[in-house]
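# Chains, contacts and geometry: an overview
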Amino acid sequence: MYSLLKMIADAATTILGGAFLLRFWIQLTRARPPMQFAQLLLRITDWFVKPLRKSIPGWGGYDWSTLVAAVLMAIVSALFDTWLINFFSPRIILFLTALSLLNWIVYGFMALLFIEVIFSWINPYNPVAGFVRDMNRPLLQPVRRILPTLGGFDFSALVVFFLLQFISRMATSLILSNLI
């Protein structure tokens, strides 16, 4: 029963937390999503973001309530995990929250890179491909400045993918070593 509850809670908080982070990242990169995708994302996230906006104003042209919503969703995930094992500790909740956010961010970036690679092979002129490319540009541009295309192939997505895995593993081991 424990594993079933954990799976359901993890799936729900990951989907919602990822949607909040995606909404913030779209705004941060100024990417223009296709209309159907934007409407879906707004429907998934507005129920929580709109009430938060009343107490957390936008600043610097960004809707910070979406980022706060992602953090709150990670806290809910951590609280649920500690409730399931019947061990409440603010320190553990803080570290589990940080670990959830880190995983959502890293795996979200990896998914975006994977989607861009698939689109570059199948249909690079699709409007969704341009949207994904705009969202990946801040990640890929620094690597593209250092690593030029080799033989017409762009390896920047592969390099960023491995860097994200490295960062994830290092940060996870750092978080877990401070937890124990």
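Our subject is the structure listed above.
Residues numbered from 1 in each chain as written. Predicted model: local features only at pLDDT ≥ 70, side-chain atom pairs only at ≥ 80, totals over all residues. Heavy atoms only, no water.

### Focus on the packing of aromatic side chains
The condition is simple: Aromatic pairing here means that ring centres of Phe, Tyr or Trp (its six-membered ring) are within 6.5 Å. Orientation follows from the plane angle: under 30 degrees is stacked, over 60 is edge-to-face, and everything else is tilted. Secondary structure counts use DSSP, requiring at least four H or I residues in a row for a helix and at least two E residues in a row for a strand, with both numbered from the N terminus. Relative accessibility thresholds used throughout: buried, under 20% of the residue-type maximum; exposed, over 50%; partly exposed, between the two (1.4 Å probe, protein chains only).
For the structure on display, the rule yields 10 aromatic pairs. On the basis of an interplanar angle of 70° and a centroid distance of 4.9 Å, the ring pair of Trp25 and Phe109 is categorised as edge-to-face. One end of the pair, Trp25, is in helix H1 (residues 2-29); the other, Phe109, is in helix H4 (residues 90-122), with 84 residues separating them in the sequence. Each member of the pair, Trp25 as well as Phe109, is classed as buried. Residues Phe161 and Phe162 carry aromatic rings whose centres are separated by 6.4 Å and whose planes lie at 80° to one another, so their mutual orientation is edge-to-face. Phe161 gets classed as partly exposed once you look at its relative accessible area, which sits at 26%. Following the ring pairs from residue to residue traces out a cluster consisting of Phe20, Trp47 and Phe48.

### Details of the layout of surface pockets
Just so we agree on the cut-off: Residues are called lining when one of their atoms sits within 4 Å of a cavity or pocket point, these points coming from a 1 Å grid over the protein atoms alone, where a cavity is a set in which a 1.4 Å probe fits but cannot get out and a pocket is an open set with protein on both sides within 12 Å along at least five of seven lines. Grid points are joined across faces, edges and corners, and a volume is the space filled by probe spheres set on the points. Only Asp, Glu, Lys and Arg are considered charged, only Ala, Val, Leu, Ile, Met, Phe, Trp, Tyr, Cys and Pro nonpolar, and every remaining residue, Gly among them, polar.
Each pocket or cavity is described by its volume, and for the largest pocket that value is around 700 Å³. Forming the boundary of the largest pocket are 28 residues, of which Gly18, Ala19, Leu22, Gly108 and Leu112 lie nearest the centre. Sorting the residues of the lining of the largest pocket by element identifies H1, helix H2 (35-53), H4 and helix H5 (127-146) as the ones contributing at least two each. For the lining of the largest pocket, the residue count by class is 24 nonpolar, 4 polar and no charged. In this structure, the second largest pocket encloses a volume near 460 Å³. The wall of the second largest pocket is formed by 18 residues, among which Val117, Ser120, Trp121, Asp154 and Ala157 lie closest to the centre. Counting residues per element, the lining of the second largest pocket draws most heavily on H4, which supplies 6 residues. Considered class by class, the residues forming the lining of the second largest pocket number 11 nonpolar, 3 polar and 4 charged.

### Details of the packing of H5 against helix H6 (residues 156-179)
Let me state the cut-off plainly: Each axis is a line fitted through C-alpha atoms, taken for helices only over the stretch in contact, and angles between the N-to-C directions span 0 to 180 degrees. To sort the angles, those under 35 degrees are grouped as roughly parallel, those over 145 as roughly antiparallel, those from 65 to 115 as roughly perpendicular, and the leftovers as oblique. Two helices cross in a left-handed way if the nearer one is turned anticlockwise from the farther one by less than a right angle. They cross in a right-handed way if the turn is clockwise. By the convention used here, residues are in contact when the closest approach between their heavy atoms is within 4.5 Å.
Between H5 and H6, whose axes approach to 9 Å, the crossing angle comes to 110°. Taken together, H5 and H6 sit at an angle that is classed as roughly perpendicular. Considering the relative orientation of H5 and H6, their crossing is right-handed. Taking contact as the criterion, the partners of Leu139, Leu140, Val143 and Arg144 in H5 are, on H6, Ser156, Ala157, Val159 and Val160.

### What about the pattern of salt bridges?
Pairing between side chains of opposite charge can happen when their charged atoms approach one another. Spelled out, the test is: Definition used for salt bridges: Asp or Glu carboxyl oxygen within 4 Å of a side-chain nitrogen of Lys or Arg.
Under the criterion given, the structure shown has 7 salt bridges. Between Asp46 and Arg23 there is a salt bridge whose closest N-O contact spans 2.9 Å. One end of the pair, Asp46, is in helix H2; the other, Arg23, is in helix H1, with 23 residues separating them in the sequence. Across the salt bridge formed by Asp63 and Arg53, the nearest N and O atoms sit 2.8 Å from each other. Here Asp63, found in the loop between H2 and helix H3 (64-84), pairs with Arg53, found in helix H2; they are 10 residues apart in sequence, far enough to count as distant.

### Structural notes on unusual backbone geometry
The phi dihedral of Arg30 falls on the positive side, at around 60°, and the residue is not glycine. The topology assignment puts Arg30 in the loop between H1 and H2. On the accessibility criterion, Arg30 (52% relative accessible area) is exposed.

### Observations regarding the side chain of Asp63
Selection rule: Think of a polar contact as two N or O atoms within 3.5 Å of one another; within protein, one of them needs to be a possible hydrogen donor and the other a possible acceptor, and neighboring residues in sequence only count if both atoms come from side chains.
Classification of Asp63 by relative accessible area gives buried; the value is 10%. In terms of polar contacts, Asp63 uses its side chain to reach the side chain of Ser65, at 2.5 Å. The residues contacting Asp63, other than those within four sequence positions of it, are Arg23, Phe24, Gln27, Val49 and Arg53.

### Focus on a nonpolar patch on the surface
To be explicit about the condition: Patches in this entry comprise residues that are over 30% relatively accessible and not in a salt bridge; like charges within 9 Å are linked, as are nonpolar side chains (Val, Leu, Ile, Met, Phe, Trp, Tyr) within 5 Å. Under the convention used here, a 1.4 Å probe and the Shrake-Rupley method define accessible areas, while residue burial counts only the protein chains that appear.
A cluster of nonpolar residues, Leu150, Phe153, Phe155, Leu158, Val159, Phe162, Leu163, Phe166, Ile167 and Met170, forms a patch on the protein surface that exposes about 970 Å² of accessible area. Structurally, Met170 is set in helix H6.

Shape descriptors only; they carry no functional weight alone.
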